[in-house]
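# Chain and residue survey
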Amino acid sequence: MSLISNVEQEVNEIRLKIYEETKDLTPEQYKKRLDEMTMATARKYGFTVISSTKDDLRLQNR
């Protein structure tokens, strides 16, 4: 019999929490939530979010 480690237990709790927060969202609401979280993280760490390297000319010429 194997025991679930504390890390596995914490990951499972986080996964369940995310599921509960998102289970009733429409695809549009889910995308909006994800976009908001992405932009907040990008601002916090100074990242630039682009949709594709094909769309960003600065990255094409490297």
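What counts, and at which threshold
- Residues numbered from 1 in each chain as written.
- Predicted model: local features only at pLDDT ≥ 70, side-chain atom pairs only at ≥ 80, totals over all residues.
- Heavy atoms only, no water.
- Helix = DSSP H or I, 4+ residues; strand = E, 2+ residues; numbered from the N terminus.
- Salt bridge = Lys/Arg side-chain N within 4 Å of Asp/Glu carboxyl O.
- Buried < 20%, exposed > 50% of the residue type's maximum accessible area, 1.4 Å probe, protein only.
- pLDDT = per-residue confidence, 0-100.
- Expected span 1.5 Å × (residues − 1).
- Contact = heavy atoms within 4.5 Å.

Okay, the overall build of the chain next. Across its full length, the chain holds three helices and zero strands. Listing every helix and strand of the chain by position from the N terminus yields α-α-α.

With that settled, the discussion passes to the pattern of salt bridges. Using the criterion set out here, one finds five salt bridges in the structure. One salt bridge connects Lys17 with Glu21, and the closest N-O pair in it is separated by 3.5 Å. Within this pair, Lys17 and its partner Glu21 are both found in helix 1 (residues 6–22), separated by four residues, close to a single helical turn. For Glu21, a relative accessible area of 39% gives the class partly exposed. In this structure, Glu36 and Lys32 form a salt bridge, with 3.9 Å as the shortest nitrogen-oxygen distance. With Glu36 and Lys32 both in helix 2 (residues 27–45) and four residues apart, this pair spans about one turn of that helix.

When pLDDT is averaged across the chain, the result is 87; 84% of the residues are at 70 or more. The lowest-confidence element of the chain is helix 3 (residues 57–60), averaging 63 in pLDDT; the highest-confidence one is helix 2, averaging 96.

It is worth spelling out helix 2 at this point. Compared with the 27 Å implied by 1.5 Å per residue over 19 residues, the 27 Å span of helix 2 between its first and last C-alpha is a close match. In the segment just after helix 2, Gly46 is the residue with positive phi, at about 75°.

A few words now on the side chain of Thr22. With respect to the helices and strands, Thr22 occurs in helix 1. Other than its neighbours up to four places away in sequence, Thr22 contacts Tyr30 and Arg33.

Once that is clear, we can look at the environment of Met39. Looking at the secondary structure, you find Met39 in helix 2. Its relative accessible area of 37% is what places Met39 among the partly exposed residues. Note: C-alpha distance between Met39 and Val49 (ten residues apart in sequence) is 7.4 Å.

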